[in-house]
Amino acid sequence: MNSTSEVTHSPASGNAGVRLVTPQETQAIVAKSLRRRYWAERRFRAYGAAAVLLGVLFVLFLFTTIFSNGVGAFQQAQIQLDVFYDPELIDPAGTRAADDLAVADYGAILRASLQKEFPEVAGRRDKRELARLLSSSAPFVLQERVQANPALIGTRDTLWVIASDAVDLMKKEKIDRSLPAEQRPLSDQQLAWFDALTERGDLELKFNRTFFTTGDSRDPENAGVWGAVMGSVFMLLLTLLLSFPIGVATAIYLEEFAPRNRWTDLVEVNINNLAAVPSIVFGLLGLAVFINFFGLPRSAPLVGALVLTLLTLPTIIIASRAAIKSVPPSIREAALGMGASKIQTVAHHVLPLALPGMLTGTIIGMARALGESAPLLMIGMVAFIVDVPQGFTDPSTVLPVQIYLWSDSPERGFVEKTSGAIIVLLAFLVVMNAAAVILRNKFEKRW
């Protein structure tokens, strides 16, 4: 009884024989099989851990590259100048009229202040080279200060003004000083002025408020993301107001009230198919219907919101239906058994329990809409927009399109602007995902 019999066949005699297998041999066979299975399991775990580690390394490399290239966008080289608000240049008539203050030559005031720093500079060419150390937007900053406070006229003030892009890149050590003069954006003379300002402490890197308060610009030092941020906010807000009630109402009808027939099956199949349609197809639809047929304005958050509503509706409907299905049937049966109507059951019991899942699906759809650029390119939101939009019909752009435009710009200064805009976009997505978690925890109910 302690041994296992094994039948063997002898090919020579054709007679069958029986050989006993000892318990030790059985244990050896079982142990070998277990070792083989355990080794296969360990190997599978190692493959999984290696895949996860590889994915984490790629993500870390991606984020490290983005942050290392984009952190410079949050700083800007500025030059300190002693400015005299010359009445002869600003308001020679002494009227203090707004029209006169708007057309004054503020650039001449800044050039005079800069030449005081280098009184040895003479000649028109050298003066032009010296003036190129300042940004083209510096006179407008001076104009805004005088228009906001005309009492500054005739006084002196010390202020920091934005330096040019070439000075900014040199200050951030993004340009090799050892390159020949013809390969540098700063000439040898400008480089000497740069060193002199740095030694005096009149040239420093300061927080780049312009990046967070202005719209797009042809000059990298004047370009900001605020116009794209406001365009994204207007577009996502309108998309949410349109897609959430429509998507939730559709999911409730299909899941709770629609009869089960081939028509509802056809609708469900089409909703699932629309979720996989390439986003550029929705852009072509928006171009053909909303712009060409209805005549809505191009490059406006209103049209972008309508297109993104069509894009996000399938995702919201599918997520909302899954959330409704997750509500236990006993909830419905208990409500109906207590005399509640079908609508009361859905409104008072099913919908509150399914709301966390609906909100999560909606935030996921909004996050996808925020990162879309292809459909918005089709409706003209790739236009160069300088002014910050003030409403749903103003020309605007969005963060993904702004990133695309800057990445295609030849100026070297837009490299860090592109990465900086990506950081802002990622922060936007983190905020939206955090909102989804907070809302889910707030409205989640246990049963």
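Not measured: the values here are computed from a predicted model. (Residues numbered from 1 in each chain as written. Predicted model: local features only at pLDDT ≥ 70, side-chain atom pairs only at ≥ 80, totals over all residues. Heavy atoms only, no water.)

Some words on the environment of Val303
To keep it simple, the criterion reads: Each helix is a run of DSSP H or I of at least 4 residues and each strand a run of E of at least 2, with the numbering of both proceeding from the N terminus. Here, two residues are considered to be in contact whenever any of their heavy atoms come within 4.5 Å of each other.
Structurally, Val303 can be placed in helix α13 (residues 301–325). Along the primary structure Val303 and Phe118 are separated by 185 residues, whereas in three dimensions their C-alpha atoms are 53 Å apart. Residues contacting Val303, with those up to four places away along its chain left out, are Phe290, Ile291, Leu296, Pro297 and Ile379.

A closer look at the packing of helix α12 (residues 279–293) against α13
So the rule is basically this: Interaxial angles span 0 to 180 degrees and are taken between N-to-C directions of axes, which are lines fitted to C-alpha atoms, for helices over the stretch in contact. Geometric relationships in this document are graded by angle, where less than 35 degrees denotes roughly parallel, more than 145 denotes roughly antiparallel, 65 to 115 denotes roughly perpendicular, and other angles denote oblique. Should the near helix be turned counterclockwise from the far one by less than a right angle, the crossing is left-handed, whereas a clockwise turn marks it as right-handed. For this classification, Asp, Glu, Lys and Arg are treated as charged, while Ala, Val, Leu, Ile, Met, Phe, Trp, Tyr, Cys and Pro are nonpolar and the rest, including Gly, are polar.
Where α12 contacts α13, the axes come no closer than 9 Å and their chain directions differ by 135°. Relative to α13, the element α12 lies oblique. In this structure, the crossing between α12 and α13 has a hand that is right-handed. Residues Ser279, Phe282, Gly283, Leu285, Gly286, Phe290 and Ile291 of α12 touch α13, and the partners they reach there are Val303, Leu306, Val307, Leu310 and Leu311. In the contact of α12 with α13, the residues fall into nine nonpolar, three polar and no charged.

Quick look at the domain arrangement of the chain
Just so we agree on the cut-off: The source of the domain bounds is an automatic or database domain assignment. Note on terms: buried area is the combined drop in 1.4 Å-probe accessible area of two parts once they are placed together, counting the loss on both. The rule for a salt bridge is simple: a side-chain nitrogen of Lys or Arg has to be within 4 Å of a carboxyl oxygen of Asp or Glu. The definition of a polar contact used here is a pair of N or O atoms within 3.5 Å, where within protein one atom must be able to donate a hydrogen and the other to accept one, and adjacent residues in sequence count solely through side-chain atom pairs.
The domain architecture assigned to the chain consists of domain 1 (74–207) and domain 2 (226–443). Inter-centroid distance (C-alpha atoms) of domain 1 to domain 2 is 46 Å. Between domain 1 and domain 2, the residue contacts involve eight residues of the former and six residues of the latter. Buried area between domain 1 and domain 2, both sides added, is near 510 Å², and the carbon and sulfur share of it is 49%. It is Phe74, Leu169 and Lys174 that lose the most area in domain 1 upon contact with domain 2, and together they represent 66% of the buried surface on that side. There are two salt bridges connecting domain 1 and domain 2. Taking the shortest distance from any N to any O, the salt bridge between Lys174 and Glu416 comes out at 3.3 Å. Joining domain 1 to domain 2, the criterion identifies three residue pairs in polar contact (both at pLDDT 80 or more). Ranked by residues supplied to the side of domain 1 that touches domain 2, first place goes to helix α7 (residues 165–171) with three residues. Of the residues assigned to the side of domain 1 that touches domain 2, the class counts are three nonpolar, one polar and four charged.

Let's talk about the pattern of salt bridges
Using the following cut-off: Exposure is judged per residue with a 1.4 Å probe applied to protein chains only, and the accessible area is read against the type maximum: over 50% gives exposed, under 20% gives buried, and values in between give partly exposed.
For the structure shown, the criterion picks out 17 salt bridges. For Glu256, the salt bridge goes to Arg332, with nearest N and O atoms at 2.9 Å. With Glu256 in helix α10 (residues 226–257) and Arg332 in helix α14 (residues 329–337), this residue pair connects regions lying 76 residues apart in the sequence. Classification of Arg332 as buried rests on a relative accessible area of 15%. Within this structure, Asp168, Lys172, Lys174 and Glu416 form a network of salt bridges that share partners.

Points about empty space enclosed by the protein
Rolled over the atoms, a probe sized like a water molecule indicates the empty space that remains. Put simply, the rule is: In the cavity and pocket records, a cavity denotes points on a 1 Å grid over the protein atoms alone where a 1.4 Å probe fits but cannot get out, a pocket denotes an open set with protein on both sides within 12 Å along at least 5 of 7 lines, and lining residues are residues with an atom within 4 Å of a point. Grid points are joined across faces, edges and corners, and a volume is the space filled by probe spheres set on the points.
A complete count under the given rule lists one cavity of 30 Å³ or more for this structure. As a volume, the largest cavity reaches approximately 40 Å³. Taken together, Gly215, Asp216, Gly224, Gly227, Ala228, Ile385, Asp387, Pro389, Ser396, Thr397 and Gln402 make up the full set of residues lining the largest cavity. Residue composition of the lining of the largest cavity, by class: three nonpolar, six polar and two charged.

Regarding the nonpolar core
Convention followed: By nonpolar core is meant a set of buried Ala, Val, Leu, Ile, Met, Phe, Trp, Tyr and Cys residues that side-chain atoms within 4.5 Å join together.
In this structure, Ile79 and Ile90 are the most contacted members of the largest nonpolar core, which totals 37 residues. Elements with a contribution of two residues or more to this core: β3 (75–84), α4 (106–117), α6 (138–148), β4 (156–162), α7 and α8 (188–200). Broken down by element, this core gets its largest block of residues, five residues, from α8. With sequence-adjacent residues up to four places away left out, Ile79 is seen in contact with Leu133, Leu134, Leu159, Trp160, Val161, Ala163, Leu197, Asp202 and Leu203.

Re the packing of α10 against helix α15 (residues 342–370)
Where α10 contacts α15, the axes come no closer than 9 Å and their chain directions differ by 140°. On the basis of their axis angle, the class for α10 and α15 is oblique. At the point where α10 passes α15, the crossing takes the right-handed sense. Seen from α10, the contacting residues are Ser232, Leu236, Thr239, Leu240, Ser243, Phe244, Val248, Ile252, Glu256 and Phe257; seen from α15, they are Lys342, Ile343, Val346, Val350, Leu351, Leu355, Met358, Leu359, Thr362, Met366, Ala369 and Leu370. In terms of residue class, the contact of α10 with α15 is built from 16 nonpolar, four polar and two charged.

So, unusual backbone geometry
Positive phi is not limited to glycine here, since Arg96 has a value of about 60°. Structurally, the position occupied by Arg96 is in the loop between α2 (87–90) and α3 (98–102). One non-glycine residue, Glu173, adopts positive backbone phi at about 60°.

Looking at the layout of surface pockets
Roughly 710 Å³ of volume is contained in the largest pocket. In terms of lining, the largest pocket is formed by 23 residues, of which the most central are Ser137, Val141, Ile162, Thr210 and Thr214. Contributions of two or more residues to the lining of the largest pocket are made by α6, β4 and α9 (210–213). The greatest single-element share of the lining of the largest pocket, amounting to four residues, is contributed by α6. Here the lining of the largest pocket gathers at least three residues from each of two domains, domain 1 (74–207) and domain 2 (226–443). Its volume calculated, the second largest pocket comes out at about 150 Å³. Contributing to the lining of the second largest pocket are Ser232, Val233, Leu236, Leu237, Leu240, Ile363, Met366, Phe428, Val431, Met432 and Ala435. Of all the elements in the fold, those that place two or more residues in the lining of the second largest pocket are α10, α15 and α18 (414–443). Looking at the lining of the second largest pocket element by element, the count peaks at five residues for α10.

Some points on the environment of Leu376
Within the secondary structure layout, Leu376 lies in helix α16 (residues 374–378). Leaving out residues up to four positions away in the same chain, Leu376 has contacts with Met235, Gly304, Leu308, Met381, Val382, Val398 and Val401.

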